[in-house]
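An overview of the molecular structure
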Amino acid sequence: MSSGTGAASAPAPDPHDTASAPDTTAPKNSMFSSLRIRNYRLFFLGQVVSNTGTWTQRIAQDWLVLSLTGSSAAVGITTALQFLPMLLFGLYGGVLVDRLRKRPTLLVTQTAMALTAIALALLTLTGHVQVWHVYLAAFAVGLATVVDNPARQSFVSELVGPGQLQNAVSLNSANFQSARLVGPAVAGVLITGVGTGWAFLLNGLSFIAPLTGLMLMRGRELHAVERAPRGKGQLREGLRYVAGRPELIWPIVLVGFIGTFAFNFPVYLSAFADDVFDGGAGAYSLFNTLAAVGSVSGALLAARRGTARLRLLILGALAFGVVEIVAAVSPALWMFALLMIPLGLFAMTVNVTTNTSLQMATDPAVRGRVMALYMMVFLGGSPVGAPIVGWITDTYGARVGLAAGGAIAAFAAAVIGLILARVGGLRLSVGWHGGHPRVRFVPRERQEALVPVA
């Protein structure tokens, strides 16, 4: 295993072609700079189509289960089955990803998800679908995601190199959030017009785009990374690797707190739409749309930044918690709705900054395991925390539930920020600058120099 930080990788040589990969190590101040790279452009365009299909199926899947059973609990079971494999096997998926070549792995996982969607479409269109078929399909997609998710996350560094990683991760997030706006609308048209089966078929066919993109990529332009050899104890090795590095373990802990207690938007927003403002489905849709607009804006702003600093992560998480608290006490629907934009923006800042900083600080040979742990905490936090925040919301009201989630996020950000500052040899400096109070972290030596000697 390499002992490096994982911040650099070299273009992969091709025995049949002496041309080297384009230089992508120098940051460029452009929101879409990574799209200049042909391989990443193919990947991005494929994800545009596939993500739209994925969001279309998510809505159609929930509607189909509800129509088959008339039970909201059955919809919850479907969601739980889709997340369960990540919670159970996510770390093992990371071990596999570190051993395997990413592009062939993605060809397999994307094909598996396409076939699952097509099978569900055929069952629905022929009138033979039963609820256990949907449960099985959701679990199968979850199993594929165990490998597909860390493989896609870590494959980005092979596509663009370290200099464009921040930009590429940000554009991926903007891509996903944009599909979150379009996919449900497409699902609504298909469900009301021709039925849920066609929504599943559309999702299955949408995988043609990423599969084609993967096959058209030029292998010689991929950035080579060291793959982990097959061996025993690699799961424990990955956990020890993360535990021994504050720049990895503390961002993951922070995302765990936020994902578990503050990212439960379906619980909070539905409660505010129905119980607080009596706005019904229209208000709930408006809240989600404005949050998605903020998320896209946050991802695009992140794409302009050349680096991902832990300081930005802490500030973004702190701002996210504060905005949730302010939203919790908003007296009017319009004010609450407008606050969804900065809420989505800061949520995406936390997401993108964590993702990028983890990848940049990780040795390529263990990147799959690190990203699997991150995704397991990030994706698994909401299903674990949803019953807790749901109970708080039901018992004490939606405002208390949302304020509690925001307070936990802000408190976790503050505490972990102080821990990282201490680990990094920094101290809190409070003073005046230009007639205004100034609070910042400075090196301990500098802080000591500022203290007057009696």
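Residues numbered from 1 in each chain as written. Predicted model: local features only at pLDDT ≥ 70, side-chain atom pairs only at ≥ 80, totals over all residues. Heavy atoms only, no water.

1. Examining the overall build of the chain
Counting its secondary structure elements, the chain contains 16 helices and four strands. Counting all 454 residues of the chain, 49% fall into the buried class. For the chain, contacts bridging at least 24 residues in sequence account for 82% of all contacts bridging at least 6. Of the roughly 20400 Å² of accessible surface on the chain, a fraction of 67% belongs to carbon and sulfur atoms. (Helix = DSSP H or I, 4+ residues; strand = E, 2+ residues; numbered from the N terminus. Buried < 20%, exposed > 50% of the residue type's maximum accessible area, 1.4 Å probe, protein only. Contact = heavy atoms within 4.5 Å. Areas by Shrake-Rupley, 256 points an atom, 1.4 Å probe, with all protein chains shown as cover.)

2. Section: the pattern of salt bridges
This structure, assessed with the given rule, holds four salt bridges. Linking E158 and K102 is a salt bridge whose minimum nitrogen-to-oxygen distance equals 3.7 Å. Highlighted residues: E158 in helix α4 (residues 131-160) and K102 in helix α3 (residues 102-125), separated in sequence by 56 residues. Classification of E158 as buried rests on a relative accessible area of 9%. With a relative accessible area of 6%, K102 lands in the buried category. E221 serves as the salt-bridge partner of R218, at 3.3 Å between the closest nitrogen and oxygen. Here R218 falls in the partly exposed class, since its relative accessible area comes to 34%. (Salt bridge = Lys/Arg side-chain N within 4 Å of Asp/Glu carboxyl O.)

3. Describing the UniProt feature "transmembrane region" (unreviewed entry) in the chain
This chain's UniProt record puts "transmembrane region" (unreviewed entry) on residues 73-93, 105-125, 248-269, 281-303, 310-327, 333-352, 372-392 and 398-421. The distance separating the terminal C-alpha atoms of residues 310-327 is 26 Å; by composition the span is 100% helix and 0% strand. The span residues 333-352 is 100% helical and 0% strand by assignment, and the distance between its end C-alpha atoms comes to 29 Å. (UniProt positions renumbered as here; feature names shortened; annotations may be inferred.)

4. Things to note about unusual backbone geometry
Of note, D278 is a non-glycine position whose phi angle comes to about 55°, a positive value. Here D278 shows up in the loop between α10 (265-276) and α11 (280-304).

5. What about a negative patch on the surface?
Among the surface-exposed residues, D274, D275, D278 and D394 lie close enough to one another that they form a single negatively charged patch. By relative accessible area, which is 44% here, D274 ends up partly exposed. (Patch = residues over 30% accessible without salt bridge, like charges linked within 9 Å, V, L, I, M, F, W, Y side chains within 5 Å. Lys, Arg positive; Asp, Glu negative; His and termini not counted. Charge placed at Lys NZ, Arg CZ, Asp CG, Glu CD.)

6. Remarks on α4
Compared with the 44 Å implied by 1.5 Å per residue over 30 residues, the 42 Å span of α4 between its first and last C-alpha is a close match. In α4, a bend of some 40° at T145 exceeds every other bend along the element. The buried count for α4 comes to 23 of 30 residues, which makes it a mostly enclosed element. Taken from the residues just after α4, G161 is the one with a positive phi, measuring 80°. (Expected span 1.5 Å × (residues − 1). Bend = angle between axes of the 7 residues up to and from the residue.)

7. So, the environment of R369
The topology assignment puts R369 in helix α14 (residues 367-396). Measuring from C-alpha to C-alpha, the distance between R369 and L96 comes to 8.4 Å, with 273 residues separating the pair along the chain. Here the side chain of R369 touches D98 through a polar contact of 2.6 Å, side chain to side chain. (Polar contact = N/O pair within 3.5 Å; in protein donor to acceptor, adjacent residues only side chain to side chain.)

8. A word on the packing of aromatic side chains
Across all of its chains, the model carries eleven aromatic pairs by this definition. When the ring of F272 is compared with that of F277, the centres are 6.0 Å apart and the planes differ by 40°; the resulting orientation is tilted. Its relative accessible area of 0% is what places F272 among the buried residues. Connected via pairs of aromatic rings, a cluster forms that spans Y40, F43, F44 and F155. (Phe/Tyr/Trp six-rings, centres within 6.5 Å; stacked < 30°, edge-to-face > 60°.)

9. Let's talk about the packing of α4 against helix α5 (residues 165-193)
Two numbers describe how α4 lies on α5: the axes approach to 9 Å, and their chain directions differ by 130°. It follows from the interaxial angle that α4 and α5 lie oblique. In terms of crossing hand, the pair formed by α4 and α5 is right-handed. Of α5, the residues touching α4 (which contributes V156, S157 and V160) are L165, A168, V169 and N172. Among the residues making up the contact of α4 with α5, the classes are represented as five nonpolar, two polar and no charged. (Axes fitted to C-alpha atoms, helices over the stretch in contact; angles between N-to-C directions. Parallel < 35°, antiparallel > 145°, perpendicular 65-115°, else oblique. Left-handed = near helix turned anticlockwise from the far one by under 90°. Nonpolar A, V, L, I, M, F, W, Y, C, P; charged D, E, K, R; others polar.)

10. A word on the nonpolar core
Core analysis: the biggest nonpolar cluster contains 53 residues, and L254, I258, F287, F320, F336 and M340 have the highest contact counts within it. When residues no more than four places from it in sequence are discounted, the contact partners of L254 are L313, I314, A317, A412, A413 and I416. Counting residues in hydrophobic clusters, the runner-up holds 27 residues, among them V147, V156, V169 and A299. (Core = buried A, V, L, I, M, F, W, Y, C linked by side-chain atoms within 4.5 Å.)

11. What to know about helix α6 (residues 196-206)
With respect to burial, α6 is a largely interior element, eight of its eleven residues being buried. The complete set of buried residues in α6 reads T196, G197, A199, F200, L201, N203, G204 and S206. Among the structural elements, α1 (38-69), α3, α5 and α7 (208-216) are those in contact with the buried residues of α6.

12. Quick look at the packing of α5 against α6
Between α5 and α6, the least distance of the axes is 7 Å, while the angle of their chain directions is 135°. What the angle tells us is that α5 and α6 run oblique. Facing V186, L190 and I191 of α5, the residues of α6 in contact are T196, W198, A199 and L202. A breakdown of the residues in the contact of α5 with α6 according to their chemical character gives six nonpolar, one polar and no charged.

13. Observations regarding a nonpolar patch on the surface
A cluster of nonpolar side chains, contributed by L84, L87, L88, F89, Y92, L143 and V384, occupies part of the molecular surface with about 610 Å² of accessible area. Note on placement: V384 falls in helix α14.

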